[in-house]
Amino acid sequence: MTEIFGNLLNIEWQQIVMWCIGGLLIYLAIKKDMEPTLLLPMGFGAILVNLPLSGAVTQGHEEGVIDVLFNAGIANELFPLLLFIGIGAMIDFGPLLSNPKLMLFGAAAQFGIFFTLSVATLLGFELKDAASIAIIGAADGPTSIFVANYFGSNYIGAIIVAAYSYMALVPIVQPPIIKLITTRKERLIRMPYEQKNVSKTVRILFPIVITVITGIVSPKSVALIGFLMFGNLIRECGVLNALSESAQNQLANLVTLLLGITVSTKMQAAAFLTPQTLMILALGLVAFVFDTVGGVLLAKFFNLFLKSKINPMIGASGISAFPMSARVVHKMGLAEDNQNFLLMHSIGVNVSGQIASVIAGGLILNLIAR
Amino acid sequence: MSKIDNFMFSLGVMGKGMLGIFAVTLIIVIAITLLNKFSKNKD
């Protein structure tokens, strides 16, 4: 009987806590529809890797399959980059291309990343860990994974849980912040939308131009922005529809499937159940809050000089959480005035946030030595 | 590096990072605007 049930004696209370956390992630994914494609595999993975003497993770000389997957797909940054091809193929940059000025809000809404970096260093995190935590503010899972892994952060599990959780919580996190820093008069500003046609030439040149400009300024971001833009080029070129479909569906789904469960290797109790995890969750919230503040305040600043005012709420869509953030702003506009349709503007800002968050990630890699 | 050294360094990263991101973004905005204009003229 000892051979069969002896392993029961190896169970530690920390592992039981991790089973509960795994169960909570699965619950949130299924019942609350919170980023289910990532949180469900991560939740199950958290249970898998925290079973006593789990064969899924490396035990002594015996390699576990999840660690093998981690080394094959995350340690070398492959999975997040492959996922970026799929994401690039999914995004229609049309609303941004028809009004490129919107991109400035995407830039402003990365403020939370840099603000959180400073707060994290004040709390005692080493620079490489602080940078990895700060990038939660990119509101972009693959970028968070890429940067945290690049710096070899020990907190990658907590960082990814925080990044995906807050992305799912955007409809709860952003509205009170937006309301706090805008007046009702500002929220009532209407922004008429003029449909502008974007030529196919511009759509095709856009991913190439972005890659070249960003790559020259921030060479370490070439892989990130390059794969994102490669996906978009496949979408827009018009001659690779089958590849575009595959990137958007099969490739993105397959990588996501493996990514979630593979990341869970960093959710082993000993590394995850630390006071730092709670601090990382709090810092993630700080990053999202100050991203929102950055975008809104830039719009308010522009309004000091513009005749035709901008509804400052659209600045909040500059975070990369797509399309949740754009929808939040659109709904808030409608709640104030049921004839105020901000969706096309907020979508334009939201897709610009996708690019800006990758640029911010690249700049962090450039400015902080590994 | 001490906590204060790290903090001071991070403030520098914040300044350079925000400046960098606005500079890159501005270049992209100008590039897209020119692309749109060129493309319309061509049409």
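That block above? That's the structure.
What counts and how
- Residues numbered from 1 in each chain as written.
- Chains lettered and ligands numbered in written order.
- Predicted model: local features only at pLDDT ≥ 70, side-chain atom pairs only at ≥ 80, totals over all residues.
- Heavy atoms only, no water.
- Contact = heavy atoms within 4.5 Å.
- Buried area = accessible area lost by both parts, 1.4 Å probe.
- Helix = DSSP H or I, 4+ residues; strand = E, 2+ residues; numbered from the N terminus.
- Nonpolar A, V, L, I, M, F, W, Y, C, P; charged D, E, K, R; others polar.
- Buried < 20%, exposed > 50% of the residue type's maximum accessible area, 1.4 Å probe, protein only.
- Polar contact = N/O pair within 3.5 Å; in protein donor to acceptor, adjacent residues only side chain to side chain.
- Axes fitted to C-alpha atoms, helices over the stretch in contact; angles between N-to-C directions.
- Parallel < 35°, antiparallel > 145°, perpendicular 65-115°, else oblique.
- Left-handed = near helix turned anticlockwise from the far one by under 90°.
- Core = buried A, V, L, I, M, F, W, Y, C linked by side-chain atoms within 4.5 Å.
- Salt bridge = Lys/Arg side-chain N within 4 Å of Asp/Glu carboxyl O.
- Expected span 1.5 Å × (residues − 1).
- Lys, Arg positive; Asp, Glu negative; His and termini not counted.
- Phe/Tyr/Trp six-rings, centres within 6.5 Å; stacked < 30°, edge-to-face > 60°.

Any chance you could explain the interface of chain A and chain B here in plain terms?
Frequently, the measure chosen for interface size is the accessible area that the parts lose on association. Taken together, the contact pairs 36 residues of chain A with 28 residues of chain B. In total, about 2900 Å² of surface goes out of reach between chain A and chain B, with carbon and sulfur atoms giving 82% of it. Ranking the residues of chain A by area buried against chain B places Phe114, Leu127 and Leu367 of chain A at the top, with a combined share of 17%. Broken down by secondary-structure element, the contributors of at least two residues to the side of chain A that touches chain B are α7 (103-108), α8 (111-122), α14 (200-217) and α20 (343-367) of chain A. Examining the composition of the side of chain A that touches chain B, we find that 8 residues originate from one element, α14 of chain A, more than from any other. Looking at the side of chain A that touches chain B residue by residue, the class counts come to 28 nonpolar, 6 polar and 2 charged.

Please clarify how unusual backbone geometry should be interpreted in this entry.
With glycine set apart, most residues show a phi of negative sign, and most peptide bonds adopt trans. All names here are of chain A. Residues other than glycine seldom take positive phi values, yet Glu77 does so here, at roughly 65 degrees. Relative to the elements of secondary structure, Glu77 occurs in the loop between α4 (65-73) and α5 (78-90). Since its relative accessible area comes to 15%, Glu77 is described here as buried. Despite not being glycine, Ala139 has its phi angle at roughly 50 degrees, a positive value. In this structure, Ala139 sits in the loop between α9 (127-134) and α10 (141-150).

What's the story with the side chain of Ser54 of chain A in this structure? I'm lost.
Residue and element names in this part refer to chain A. With respect to the helices and strands, Ser54 occurs in the loop between α3 (36-49) and α4. The class for Ser54 is buried, based on a relative accessible area of 6%. Within the structure, the side chain of Ser54 is placed 3.1 Å from the backbone nitrogen of Ala56, a separation counted as a polar contact. Once residues within four sequence positions are removed from consideration, Ser54 is found in contact with Leu48, Val49 and Gln59.

Would you explain the packing of helix α11 (residues 156-168) of chain A against helix α18 (residues 275-303) of chain A in this entry?
The description of two packed helices rests on the angle between their axes and on the distance between the axes. Residues and elements named next belong to chain A. At a minimum axis separation of 9 Å, α11 and α18 run at an interaxial angle of 40 degrees. If you check the angle between α11 and α18, you find them oblique. Where α11 crosses over α18, the two elements pack in a sense that is right-handed. Contacts from Ala158, Ile159, Ala162, Ala163, Tyr166 and Met167 of α11 reach α18 at Thr277, Ile280, Leu281, Ala282, Gly284, Leu285 and Phe288.

What is the right way to read the nonpolar core from this model?
General note: in soluble globular proteins, nonpolar side chains tend to be found buried as a group. Residue and element names in this part refer to chain A. Counting residues in hydrophobic clusters, the biggest one holds 119 residues, and the most contacted among them are Phe93, Phe206, Ile280, Phe288, Ile314, Ile355 and Ile364. Top contributing element to this core by residue count: α11, with 11 residues. Discounting residues that sit within four places of it in the chain, Ile364 has contacts with Ile113, Phe114, Ala131, Ile135, Val147 and Phe151.

Whenever I open this one, the pattern of salt bridges confuses me. Can you help?
If the charged atoms of two oppositely charged side chains come close together, the side chains can form a pair. Residue and element names in this part refer to chain A. A complete count under the given rule lists 8 salt bridges over all chains for this structure. Across the pair Lys128 and Asp129 runs a salt bridge, and its minimum N-O distance is 3.8 Å. Note that Glu236 and Arg203 form a salt bridge whose closest N and O atoms lie 3.5 Å from each other. You can see Glu236 sitting in helix α15 (residues 222-236) and its partner Arg203 sitting in helix α14, a full 33 residues away along the chain. Each of the salt bridges in this network shares a partner with another, and the network as a whole consists of Asp92, Arg203, Arg235 and Glu236.

What am I meant to see in helix α19 (residues 324-336) of chain A here?
Residues separated by three or four positions in an α-helix point in the same direction, a consequence of the helix having 3.6 residues per turn. All names here are of chain A. Taking 1.5 Å per residue as the helical rise, α19 with its 13 residues ought to reach 18 Å, and the 19 Å between its terminal C-alpha atoms agrees with that figure. Here α19 has its buried residues at Met324, Ser325, Ala326, Val328, Val329, His330, Met332, Gly333 and Glu336. The inward-facing, buried residues of α19 abut α11, α12 (170-181), α13 (184-187) and α20.

Quick question: what am I supposed to make of the side chain of Asp67 of chain A here?
Residues and elements named next belong to chain A. Residue placement: Asp67 occurs in helix α4. Buried charge Asp67 goes without a salt bridge, the closest partner of opposite sign being Lys266 at 6.5 Å. Side-chain polar atoms of Asp67 contact the backbone nitrogen of Thr58, separated by 2.6 Å. The residues contacting Asp67, other than those within four sequence positions of it, are Ala56, Val57, Thr58 and Thr265.

So what exactly am I meant to see when it comes to the environment of Gln59 of chain A here?
All names here are of chain A. Residue position: Gln59 is located in the loop between α3 and α4. Separated by 224 residues in the primary sequence, Gln59 and Leu283 have C-alpha atoms spaced 33 Å apart. A polar contact of 3.0 Å, which involves the side chain of Gln59, links it to the backbone oxygen of Ser54.

Before we go on, may I ask you to explain the packing of aromatic side chains in this structure?
The description of an aromatic ring pair uses the distance of the two centres, along with the angle that the planes make with each other. Residues and elements named next belong to chain A. Taken as a whole and assessed by the stated rule, the structure comprises 10 aromatic pairs over all chains. With 5.3 Å between their ring centres and 85 degrees between their planes, Tyr150 and Phe151 make a pair best called edge-to-face. Clustering of aromatic rings is evident, with ring pairs tying together Phe105, Phe301, Phe302 and Phe305.

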